[in-house]
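# Structure at a glance
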Amino acid sequence: MPAAAEGGGFKTSRTSTARSGRMAEEHHAAAAALLLLEDRARDPIVVTVTGAAGQIAYSLLFSLGKGDVFGSNQPILLRLFDIPNQQDRLNGVVMELIDCAFPLVHGIVQTSTPDEAFLHADVAILVGSMPRREGMERADLLSKNGFIYRVQGESIDRVAKKTVKVLVVGNPANTNAYICCKSAPSIPDTQFTCLTMLDENRAKAQLARRLEVLPSQIKNVVIWGNHSATQYPDVSHAYVVNSDASRTPISEAISDQDYLQGKFVKMVQNRGQEVIRSRKLSSAMSAAKAIGDHLRVWWRGTPEGEMASMGVVSDGSYGIQPGIFYSQPVTVRDGVIDIVQDLPISQFSRERMDATQDELLSEVASASEMVGLY
């Protein structure tokens, strides 16, 4: 009979303990092998990133490779695009991605050719654009970027999957999304979006600082309109989740309406320019984080009872001109984006929603004429 060992008030057989240990190790090894097989069985998705040698992409690519965006068991194939004079820099980025040894990155293509970049793309993240520098007006960006996004839209139309999800980041993002979408007529316009999650994150962060809570406790802030200084951060439907899980409307938690309708709005509207004034460069780390947040919501859905802000093609909801890309509150289920309906709109909100729409309509008309969409 095997010797018995005593300890901790229990008698155990040393032989059976050793056997149990080996069985546990074998069980864990088998489970790990099964997970590995499941990961290998999952088809990689093709993720295209333009402006891949730039600052935003440098932060974004790490999150993509690590699995923070599409999931820890979703392999990806990266197709990285930038203009010819940025290929040396992009080569360095590719070397770093290789050196990260990400298990989820199953391949990397580096290119300056749009059709090679968008070939079979499941997700296209359009970051590259003429950068905005200090003192530069948004109108200065229209003619340069309009042509960039027309070419990329035409390429997406030719070679990307018809189910591709397109996120436009490069400014002016709403107008660029419109041009890109119009240049890809075979892709449903509901599969094009532009980034306003950065503005939502900025708004949540400021409210959280004011209330001395975490940004994750702030829910349902809405960004309306253009990703510009006319955008309208709306807290009418927002609330804070308290430590006891109860909810307090932001308008009650912060009773200072002058702040909510004045300083707070201006801060969110002008945050990008403030970053440029300090850094002498546009937002990069926060933009990359917001891209990940936007795609994660699109890929995995919005939590029950919560909404997110996305620049989406207008269907006429809330009196917004159909066809333009306008930031609105949305929910996402199974990859399908739906505009939240029937939110009450105050006179204060209506005026600001109309003002940002007017700017956007003017931008779209000017850019479309410049690139020959009309």
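A brief structural summary. It should be emphasised that the depicted structure is a prediction, and the values quoted were computed from it without experimental measurement.

To continue, consider the overall build of the chain. Across its full length, the chain holds eleven helices and 16 strands. Residues counted as buried form 48% of the 374 residues belonging to the chain. Accessible surface, the chain: about 18,000 Å² in total, of which carbon and sulfur atoms supply 53%.

A separate point is the packing of helix 2 (residues 55-66) against helix 10 (residues 285-300). Remark: helix 2 packs on helix 10, axes separated minimally by 8 Å, with the N-to-C direction vectors making an angle of 45°. Viewed along their axes, helix 2 and helix 10 adopt a mutual orientation that is oblique. Once helix 2 is placed against helix 10, the crossing between them reads as right-handed. Between helix 2, through Ile56, Ser59 and Leu60, and helix 10, the contact on the second element is made entirely by Met285, Ala287, Ala288 and Ile291. A class-by-class count of the residues in the contact of helix 2 with helix 10 yields six nonpolar, one polar and no charged.

With 102 residues, the main nonpolar core has Val47, Val49, Leu64, Ile125 and Ile291 as its most contacted residues. A per-element tally of this core places helix 10 first, with seven residues. Setting aside chain neighbours within four positions, we find Ile291 in contact with Ile56, Leu60, Ile125, Val127, Leu167, Val169 and Leu195.

Right, let's get into the sheet that holds strand 9 (residues 218-219). Spatial ordering of the open sheet is given by 9-12-13, a layout of three strands whose pairing is antiparallel. The open sheet has two edge strands, strand 9 and strand 13 (247-249), and neither has a second partner.

For the rest of this paragraph, the subject is the side chain of Asn220. Positionally, Asn220 belongs in the loop between strand 9 and strand 10 (222-224). Within the local environment of Asn220, its side chain forms a polar contact with the backbone oxygen of Gly305, the two atoms lying 3.4 Å apart. Among the polar contacts made by the side chain of Asn220, one reaches the main-chain amide nitrogen of Met307 at a distance of 3.0 Å. Those residues within four positions of Asn220 in sequence are excluded, and the remaining contacts are His237, Ala238, Tyr239, Gly305, Glu306 and Met307.

Within the fold, Lys219 resides in strand 9. Of note is the side chain of Lys219, whose polar atom sits 3.5 Å from the side chain of Glu306. Ignoring any residue separated from it by four or fewer positions in sequence, one finds Lys219 in contact with Ala238, Tyr239, Val241 and Glu306.

This paragraph deals with the packing of helix 7 (residues 197-211) against helix 9 (residues 257-279). Interhelical geometry of helix 7 versus helix 9 gives an angle of 135° and a closest axis separation of 10 Å. Relative to helix 9, helix 7 is oriented oblique. Viewed along their axes, helix 7 and helix 9 form a crossing whose handedness is right-handed. On helix 9, the residues that touch Asp199, Arg202, Ala203, Gln206, Leu207 and Arg210 of helix 7 are Tyr259, Leu260, Phe264, Met267, Val268, Arg271 and Gly272. Across the contact of helix 7 with helix 9, the residue classes break down as seven nonpolar, two polar and four charged.

For the rest of this paragraph, the subject is the packing of aromatic side chains. Counted according to the given criterion, the structure contains five aromatic pairs. For the ring pair Phe70 and Trp299, a centre distance of 4.9 Å and an interplane angle of 75° mean the geometry is edge-to-face. Of the two residues, Phe70 sits in the loop between helix 2 and strand 4 (76-81) while Trp299 sits in helix 10, which places them 229 residues apart along the sequence. Classification of Phe70 by relative accessible area gives buried; the value is 6%. For the pair Tyr232 and Phe348, a centre-to-centre distance of 6.0 Å together with 70° between the ring planes defines the contact as edge-to-face.

About the criteria used
Residues numbered from 1 in each chain as written. Predicted model: local features only at pLDDT ≥ 70, side-chain atom pairs only at ≥ 80, totals over all residues. Heavy atoms only, no water. Helix = DSSP H or I, 4+ residues; strand = E, 2+ residues; numbered from the N terminus. Buried < 20%, exposed > 50% of the residue type's maximum accessible area, 1.4 Å probe, protein only. Areas by Shrake-Rupley, 256 points an atom, 1.4 Å probe, with all protein chains shown as cover. Axes fitted to C-alpha atoms, helices over the stretch in contact; angles between N-to-C directions. Parallel < 35°, antiparallel > 145°, perpendicular 65-115°, else oblique. Left-handed = near helix turned anticlockwise from the far one by under 90°. Contact = heavy atoms within 4.5 Å. Nonpolar A, V, L, I, M, F, W, Y, C, P; charged D, E, K, R; others polar. Core = buried A, V, L, I, M, F, W, Y, C linked by side-chain atoms within 4.5 Å. Pairing = 2+ DSSP bridges. Polar contact = N/O pair within 3.5 Å; in protein donor to acceptor, adjacent residues only side chain to side chain. Phe/Tyr/Trp six-rings, centres within 6.5 Å; stacked < 30°, edge-to-face > 60°.

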